[in-house]
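Listed below, chain by chain, are the residues.
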Amino acid sequence: MSSGALCTGTSPAAAVLAPLGRDGGRALMLGHVHPDADVLGTLLALGLALEARGWSVTYGGPHPAPPALDFLPGVERYRRLATLDGAFDVAVLTDCPNPQRTEGLIEQARRASAVVLNIDHHPDNRRYGDVNWIDLSAAATGEMVYELLLALEAPLTPAIATNLFTAVHTDTGSFRYSNVTPRTFRIAAALVAAGAEPAFVSQALYERRAPDALRWLGEALRRIEVSDEGRLAWLALPSDGVEEALVESEELVNYPRSIATVRVACLFRERGREVKVSLRGKGDVDVQRIAAEFGGGGHRNAAGCTVDGPLAEAMRRVLAAVRRALAERKGPSAASEAAR
Ligand code: AMP
Ligand code: MN
Ligand code: MN
């Protein structure tokens, strides 16, 4: 692991700007596994800004962009990468706390690139870049790349603004989560002024369901279980179950989370021999610590991990860890509250 420069401000330090400041060069925009709108929107925004300055940019990662994000301007350029061709002046990773989340591409990127730039807002970031810009106060890396483009004096085109607006929109749950700050709205306002259209983005994300998607969603929601005096709720989807692709951009874990009493919500999705787990909290339990027990990560209120199946075994292990965290949190005062 390289031990490069560390910057933590809300604006990019000189070390972050240096590898991007010149006119022309070759850049790699490297995404994390199962890319979401925060990583795609930021890589596309920065890449498009560099291209406008004469750079040649390669966009890709271990998995292709999901069809649900096919509306991001420039996303057709983002490819699944197995090997990297040629050399790069800079490789940029955004929203990627752990180099393992590139499935080995980071090793190739290191060999092929003069500088690896790591731009992220996750508390568990491993600082694997030559230059690491980690701003834990940013709701999305979309906010950070907005500041970066401002510092680079890059013009905010509607395409760039739409990418960054979508990044911020999704990582904040449409501006609803506890990570939202005044800065989030200031940046969102600037992006809308620059041509991002909130109604277009909302419709593209949430109103492109297939005709039977709601029936499927109903089937899935029936499976929600609530336990531990209402403090724990989960939804488990076996791989032989209903077709999940119908609601691809649906944040299914938000349904168990939306129950008033719930402190921790879990979504278990069986994928072959593995089970993908999403964890959500409401501020009192640090779900990132639970995910970390299983080799995963994320944020205090939104984290995930991938554990071995079968589904029932994965659920047993993860739910036990959640219950331990809830019990720790409960402490003597909450215990007496429960006894009332
Ligand atoms: P998700 O539940 O997939 O929406 O992810 C929520 C948060 O947890 C995001 O910040 C992800 O980066 C992180 N996360 C999800 N799965 C993993 C994993 N297997 N390893 C590390 N972090 C993860
Ligand atoms: Mn992400
Ligand atoms: Mn993010």
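In the block above lies the structure referred to throughout.
What counts and how
- Within each chain, residues carry numbers counting from 1 in the order of the written sequence.
- Whichever chain is written first becomes A and whichever ligand is written first becomes 1, with later ones labelled in order.
- Only residues with pLDDT of 70 or above have their local features reported here, since the model is predicted, and side-chain atom pairs are shown and tallied only from 80 upward, although totals for entire chains, interfaces and linings are computed over all residues.
- Values reported for side chains reflect all heavy atoms of the structure, with hydrogen atoms and water molecules removed beforehand.
- Residue burial is assigned from relative accessible area. The probe radius is 1.4 Å, only protein chains are included, and a residue is buried under 20% of its type maximum, exposed over 50%, and partly exposed in between.
- Strands are runs of DSSP state E lasting at least 2 residues, helices are runs of H or I lasting at least 4, and numbering of each runs from the N terminus.
- Each direction from the helix axis to a C-beta atom contributes to the arc, which is the arc of those directions.
- In this description, contact between two residues means that some pair of their heavy atoms is separated by no more than 4.5 Å.
- A pair of strands is considered paired only if DSSP assigns at least 2 bridges between the two.
- Note that water is not among the atoms used; donors are N, O and S atoms within 2.8 Å of the metal (3.2 Å for Na, K and Ca), so sites may look incomplete.
- Two aromatic rings, drawn from Phe, Tyr or Trp (for Trp, its six-membered ring), form a pair once their centres lie within 6.5 Å of each other, and the interplanar angle then sorts them: stacked below 30 degrees, edge-to-face above 60, tilted otherwise.
- Throughout this description, the term charge over a ring refers to an Arg CZ or Lys NZ atom that lies within 6 Å of the ring centre and within 35 degrees of the ring normal.
- When at least one non-hydrogen atom of a residue lies within 4 Å of a molecule or strand, that residue is treated as near it.
- In the analysis that follows, any N or O atom pair within 3.5 Å is treated as a polar contact, provided that within protein one partner can donate a hydrogen and the other can accept it, and provided that, for residues neighboring in sequence, both atoms belong to side chains.
- Computed with the Shrake-Rupley method and a 1.4 Å probe, the accessible areas treat only the protein chains shown as cover for residues.
- The rule for a disulfide is simple: a pair of cysteine sulfur atoms within 2.5 Å.
- What counts as an axis is a line fitted to C-alpha atoms, over the stretch in contact for a helix, and the angles between N-to-C directions run from 0 to 180 degrees.
- Polar here means any residue other than Ala, Val, Leu, Ile, Met, Phe, Trp, Tyr, Cys and Pro, which are nonpolar, and Asp, Glu, Lys and Arg, which are charged; Gly is therefore polar.

1. With respect to helix H7 (residues 198–206)
Looking at H7, one finds that the buried residues are Val201, Ala204 and Leu205. Relative to the axis of H7, the buried residues are bounded by an arc of 95° and lie together on one face. As for H7, its buried residues are in contact with helix H5 (158–171).

2. Digging into the sheet that holds strand S8 (residues 225–227)
Read across the open sheet, the 6 strands follow the order S8-S9-S10-S11-S13-S12; overall the sheet is mixed. Sheet topology places S8 and strand S12 (297–298) at the edges, where each strand pairs with a single neighbour. Where strand S11 (residues 274–281) and strand S13 (residues 302–308) come together, 7 bridges link them in antiparallel fashion. Within S13, the position partnered with Leu279 by the bridge is Ala303.

3. Let's talk about the coordination of the manganese ion (ligand 3)
The protein atoms that coordinate the manganese ion (ligand 3) are Asp38 (OD), Asp95 (OD), His121 (NE2) and Asp171 (OD), at distances spanning 2.1 to 2.3 Å. When the donor residues of the manganese ion (ligand 3) are listed from N- to C-terminus, their spacing reads D-x56-D-x25-H-x49-D. The manganese ion (ligand 2) is placed at 4.3 Å from the manganese ion (ligand 3), the two being bridged by Asp95. With His121 in the loop between strand S6 (113–120) and strand S7 (131–134) and Asp171 in helix H5, this pair connects stretches of sequence that are 50 residues apart.

4. Notes on the coordination of the manganese ion (ligand 2)
In an ideal octahedron of six donors the angles at the metal are 90 or 180 degrees, and in an ideal tetrahedron of four donors they are 109.5 degrees. At the metal site, the manganese ion (ligand 2) is ligated by His32 (NE2), Asp36 (OD), Asp36 (OD) and Asp95 (OD), and these contacts range over 1.9 to 2.8 Å. Motif for the manganese ion (ligand 2), donor spacing along one chain: H-x3-D-x58-D. Residue classification places His32 among the buried positions, given a relative accessible area of 3%. Looking at Asp36, the relative accessible area reads 28%, which means it is partly exposed.

5. What to know about the packing of aromatic side chains
Here the structure, examined in full by the defined rule, presents 3 aromatic pairs. With centroids separated by 5.7 Å and ring planes inclined at 45°, the aromatic side chains of Phe165 and Phe175 adopt a geometry described as tilted. Of this pair, Phe165 sits in helix H5 while Phe175 sits in the loop between H5 and helix H6 (182–193), and the two are 10 residues apart along the sequence. Above the plane of the ring of Trp55 lies Arg22, whose end atom (NZ or CZ) is 5.6 Å from the centre.

6. Some words on the site of ligand 1
Near ligand 1 there are 14 residues, and of these Arg101, His122, Ser278, Arg280 and Gly297 occur at the shortest range. With respect to ligand 1, the side chain of Arg101 contributes an N or O atom lying 3.2 Å from a nitrogen atom. A distance of 3.2 Å separates a nitrogen atom of ligand 1 from a polar backbone atom of Gly297. In the complex, the protein chains occlude 81% of the 480 Å² of accessible area that ligand 1 would expose alone.

7. Topic: the state of the cysteines
With the rule as written, the count across this model stands at 0 disulfides. Sulfur of Cys96: no disulfide; nearest cysteine sulfur belongs to Cys305 and is 17 Å away. The class for Cys96 is buried, based on a relative accessible area of 0%. The closest cysteine sulfur to the non-disulfide-bonded Cys305 is located on Cys266, 9.1 Å from its own sulfur.

8. Topic: the packing of helix H4 (residues 141–151) against H5
The geometry of H4 relative to H5 is characterised by a closest axis approach of 8 Å and an angle of 150° between their N-to-C directions. Taken together, the residues of H5 that come into contact with H4 (itself represented by Gly142, Glu143, Val145, Tyr146 and Leu149) are Ile160, Leu164, Ala167 and Val168. Grouping the constituent residues of the contact of H4 with H5 by class yields 7 nonpolar, 1 polar and 1 charged.

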